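Residue strings, one per chain:
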Amino acid sequence: MTTYTLPREAFELLEEAFENKKKAEIFAKAIESAIEAIDEKAKESIVEKKGHIKIEIREELRKELASKEDILLLKKDILLVNKDISLLKTEFEERFKSLEKEMNERFKSLNFKLNIFIAIALIALTFANPTFVKLLEKIFPF
C-alpha cells in the first residue's frame, strides 16, 4: 500500500487558509487518506473488472473457436462419412461386377445369334446363286 502525500505547495495553501499549522496537517491527512481510499477502491475495481473481462473473453473464444470436444465430434463424423463412402464403394463395385457379368452373357448370346444369322445368310446366298444351283443339278440330278 502506497501512501499519498500532498505536494508542499498544496500544504502551504492549506496552512494559509486555516491560519493554523495543526489544523492544516489534520485536513491534509484527511485528504491524503481520502485519496488513498479512492486509489484502493480504483485498484479493487480494476482487478474485479479484469476478472470479468477475462471471463467474457474466455466465453467469446469458446463461442468462436473450436474446442477439443468439437474437433473430436468432427473427427467422429469424418470417420462415419469415410465408412459410408467405403460401403458405397463396395456396393458399387459389386453392382458393377454383376452388370459386367450380365453384359458379358448378353454379348455371348448376341455373338452366337449373329454367327447363326451369318451362317444362314451365307447358305441362303449360296442357294440363291443360279450358278451354284446349276452345279447342284449337275451333281445331284433331280
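These notes cover the structure that comes with them.

The rules behind the values
- Residues numbered from 1 in each chain as written.
- Predicted model: local features only at pLDDT ≥ 70, side-chain atom pairs only at ≥ 80, totals over all residues.
- Heavy atoms only, no water.
- Helix = DSSP H or I, 4+ residues; strand = E, 2+ residues; numbered from the N terminus.
- Rg over C-alpha atoms; globule rule 2.2 N^0.38 Å.
- Core = buried A, V, L, I, M, F, W, Y, C linked by side-chain atoms within 4.5 Å.
- Buried < 20%, exposed > 50% of the residue type's maximum accessible area, 1.4 Å probe, protein only.
- Contact = heavy atoms within 4.5 Å.
- Axes fitted to C-alpha atoms, helices over the stretch in contact; angles between N-to-C directions.
- Parallel < 35°, antiparallel > 145°, perpendicular 65-115°, else oblique.
- Nonpolar A, V, L, I, M, F, W, Y, C, P; charged D, E, K, R; others polar.
- Phe/Tyr/Trp six-rings, centres within 6.5 Å; stacked < 30°, edge-to-face > 60°.

### Describing the overall build of the protein chain
Looking only at helices and strands, one finds four helices and zero strands in the protein chain. When the helices and strands of the protein chain are read in sequence order from the N terminus, they spell out α-α-α-α. Relative to the 2.2 N^0.38 estimate, which gives 14 Å for 142 residues, the radius of gyration of the protein chain is 54 Å and therefore markedly larger than a compact globule would have. For the protein chain, the spread of C-alpha atoms along the three principal axes comes to 170 × 25 × 15 Å.

### Notes on the nonpolar core
In terms of nonpolar packing, the biggest core is built from five residues, these being Leu 6, Phe 11, Leu 14, Ala 24 and Ala 28. When residues of this core are traced back to their parent elements, those giving at least two are helix 1 (8-18) and helix 2 (21-64). Setting aside chain neighbours within four positions, we find Leu 14 in contact with Leu 6, Ala 24, Phe 27, Ala 28 and Ile 31.

### Structural notes on the packing of helix 3 (residues 68-128) against helix 4 (residues 130-139)
One way to put it is that helix 3 packs onto helix 4 with a least axis distance of 5 Å and a crossing angle of 75°. Relative to helix 4, the element helix 3 is oriented roughly perpendicular. Contact with helix 3, carried on its side by Thr 126, Phe 127 and Ala 128, involves Pro 130, Phe 132, Val 133 and Leu 136 of helix 4 and no other residues of that element. Grouping the constituent residues of the contact of helix 3 with helix 4 by class yields six nonpolar, one polar and no charged.

### Quick look at the packing of aromatic side chains
If you walk through the whole model with that rule in mind, you get three aromatic pairs. Their ring planes at 25° and their centres at 6.3 Å tell us that Phe 92 and Phe 96 sit as a pair that is stacked. Residue Phe 92 and its partner Phe 96 are located together in helix 3, separated by four residues, close to a single helical turn. Where Phe 127 meets Phe 132, the ring centres are 5.7 Å apart and the plane angle is 70°; that geometry is what we call edge-to-face.

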